[in-house]
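Residues per chain are reported as follows:
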Amino acid sequence: MTNFVVVIPARYASERLPGKPLREINGKPMIQHVYDRGKESRARELVVATDDQRIADVCEAFGATVCMTGDQHQSGSERIAEVCDIMDWLDNTIVVNLQGDEPTMPAQLIDQCAALLEDSDADIGTLASPIASAEDFTNPNVVKTVVDAAGNALYFSRSSIPYESMDLALHHHGIYAYRAGVLRRLVAAPAADLELAERLEQLRALSLGMRIRVAIPAIRPGAGVDTEADLQAVAQQMGAAD
């Protein structure tokens, strides 16, 4: 499918890695690598969303379309919702949230995520892989999800779920597809108690009764970048691939 758009939310501030989108990986800023992954997808439109002029200048220099947003947003979803309004996208427009710190996200997974909403009754689409190790199963930085028989998410947690059943858990990847109208409804709602407890925004959607369709990715995506060590590891991985 090609009837979807991709938005890459990018902010300069990061507690663990300040200026993260502009940090270089093998001679290019990370945000450019992410943009390249988006260009390799079948999206009909690709936009970087930021409130920082430094990021905007760099992105425009390598030819990206940039949408400047407000600086009040608490999440990437809020920033993307503003982009939907600025770009005047219709409520049925499928919008993929491609995180600005995922330079190794394969383009085919962007397409796969968007396709979850094509001819579907789901509100949101996302991807999750089988848990790779017992260490990941107990790691609170690895978000777990469990699904029903139709592949819809039952819950997301930083805890080990289900209890002592690693084979039933999935490692959630931070890529989402929304319809623009669903995204507008989501960010207009107050934060849910479960969302605040787990620090997971997708629990707001479940609390609102939204249906999140989960698929196992065709290939397992590489790691995102949160720390200096992550940056070095991704640089090595991408260098080896080249």
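In what follows, the accompanying structure is described. (Residues numbered from 1 in each chain as written. Predicted model: local features only at pLDDT ≥ 70, side-chain atom pairs only at ≥ 80, totals over all residues. Heavy atoms only, no water.)

## Structural notes on the pattern of salt bridges
As a reminder, the rule being used: In the sections that follow, a salt bridge refers to a side-chain nitrogen of Lys or Arg positioned within 4 Å of a carboxyl oxygen of Asp or Glu. Secondary structure follows DSSP: runs of H or I at least 4 residues long count as helices, runs of E at least 2 residues long count as strands, and numbering of each begins at the N terminus. With a 1.4 Å probe rolled over the protein chains alone, any residue whose accessible area is under 20% of its type maximum counts as buried; one over 50% counts as exposed, and the rest are partly exposed.
Counted under the stated rule, the structure contains 15 salt bridges. Measuring nitrogen to oxygen at the nearest pair gives 3.0 Å for the salt bridge that ties Asp 101 to Lys 20. Highlighted residues: Asp 101 in the loop between β6 (94-97) and α4 (107-115) and Lys 20 in the loop between β1 (4-9) and β2 (24-25), separated in sequence by 81 residues. Of the residues examined, Lys 20 reaches a relative accessible area of 12% and is grouped as buried. In this structure, Asp 111 and Arg 42 form a salt bridge, with 4.0 Å as the shortest nitrogen-oxygen distance. Taken together, the positions of Asp 111 in helix α4 and Arg 42 in the loop between α1 (30-40) and β4 (45-50) put the pair 69 residues apart, joining distant regions of the chain. The network of salt bridges with shared partners includes Lys 20, Asp 101 and Asp 226.

## Some points on unusual backbone geometry
Across the junction of Ile 161 and Pro 162, the peptide omega takes the value -10°, indicating a cis bond. One non-glycine residue, Asp 88, lies in the positive phi region at around 60°. Assignment of secondary structure puts Asp 88 in the loop between α3 (76-86) and β6. Looking at Asp 88, the relative accessible area reads 63%, which means it is exposed. The phi angle at Glu 164 is positive, at roughly 50°, despite the residue not being glycine. What makes Glu 164 exposed here is its relative accessible area of 65%.

## Concerning the side chain of Thr 93
When you line up the elements, Thr 93 lands in the loop between α3 and β6. For Thr 93, a relative accessible area of 8% gives the class buried.

## Remarks on the nonpolar core
As a rule of thumb, nonpolar side chains are buried together in soluble globular proteins. Put simply, the rule reads: Here the nonpolar core consists of buried residues drawn from Ala, Val, Leu, Ile, Met, Phe, Trp, Tyr and Cys, with membership extended through side-chain atoms lying within 4.5 Å. Note on contacts: a residue pair qualifies if any of its non-hydrogen atoms lie within 4.5 Å across the two residues.
One finds Val 6, Ile 8, Val 48, Val 96, Leu 98, Ile 110 and Ile 175 to be the most contacted residues of the largest nonpolar core, which totals 37 residues. Elements that contribute at least two residues to this core include exactly β1, α1, β4, α2 (53-61), β6, α4, β10 (170-179) and α9 (228-241). Look past the residues within four positions of Val 48 in its chain and what remains in contact with it is Ile 8, Ala 10, Ile 31, Tyr 35, Cys 59, Ala 64, Thr 65, Val 66 and Cys 67.

## A few points about the packing of α3 against helix α6 (residues 180-188)
Rules: Think of each axis as a best-fit line through the C-alpha atoms, taken over the contacting stretch in the case of a helix, with angles from 0 to 180 degrees between the N-to-C directions. Roughly parallel means an angle under 35 degrees; roughly antiparallel means over 145; roughly perpendicular covers 65 to 115; every other angle is labelled oblique. Left-handed describes a crossing whose near helix is turned anticlockwise from the far helix through less than a right angle; right-handed describes the clockwise counterpart.
With their axes 9 Å apart at the nearest point, α3 and α6 run at an angle of 130° to one another. Taken together, the axis directions place α3 and α6 in an arrangement best described as oblique. As for how α3 packs across α6, the hand of that crossing is left-handed. Contacts between α3 and α6 involve Ser 77, Glu 78, Ile 80, Ala 81, Cys 84 and Asp 85 from the first element and Ala 180, Leu 183, Arg 184 and Val 187 from the second.

## A few points about the environment of Pro 221
You can see Pro 221 is positioned in the loop between β11 (212-215) and α9. The spatial distance from the C-alpha of Pro 221 to the C-alpha of Pro 106 is 6.5 Å, given a sequence separation of 115 residues. In this structure Pro 221 touches Met 105, Pro 106, Leu 109, Ser 129 and His 173, once residues within four positions along its chain are discounted.

## Some remarks on the pairing of β6
The condition is simple: Between any two strands, at least two bridges found by DSSP are needed for them to pair.
Of the two faces of β6, the one holding Ile 94 and Val 96 and the one holding Val 95 and Asn 97 are both buried throughout. Relative to β6, β1 runs parallel, the two being bridged by 4 bridges. Bridge pairing links Val 7 to Asn 97 in β6. One ladder, built from 4 bridges, connects β6 with β10; its direction is antiparallel. Paired with Val 96 across the bridge in β10 is Ala 177.

Any functional reading would require information beyond the geometric quantities listed.
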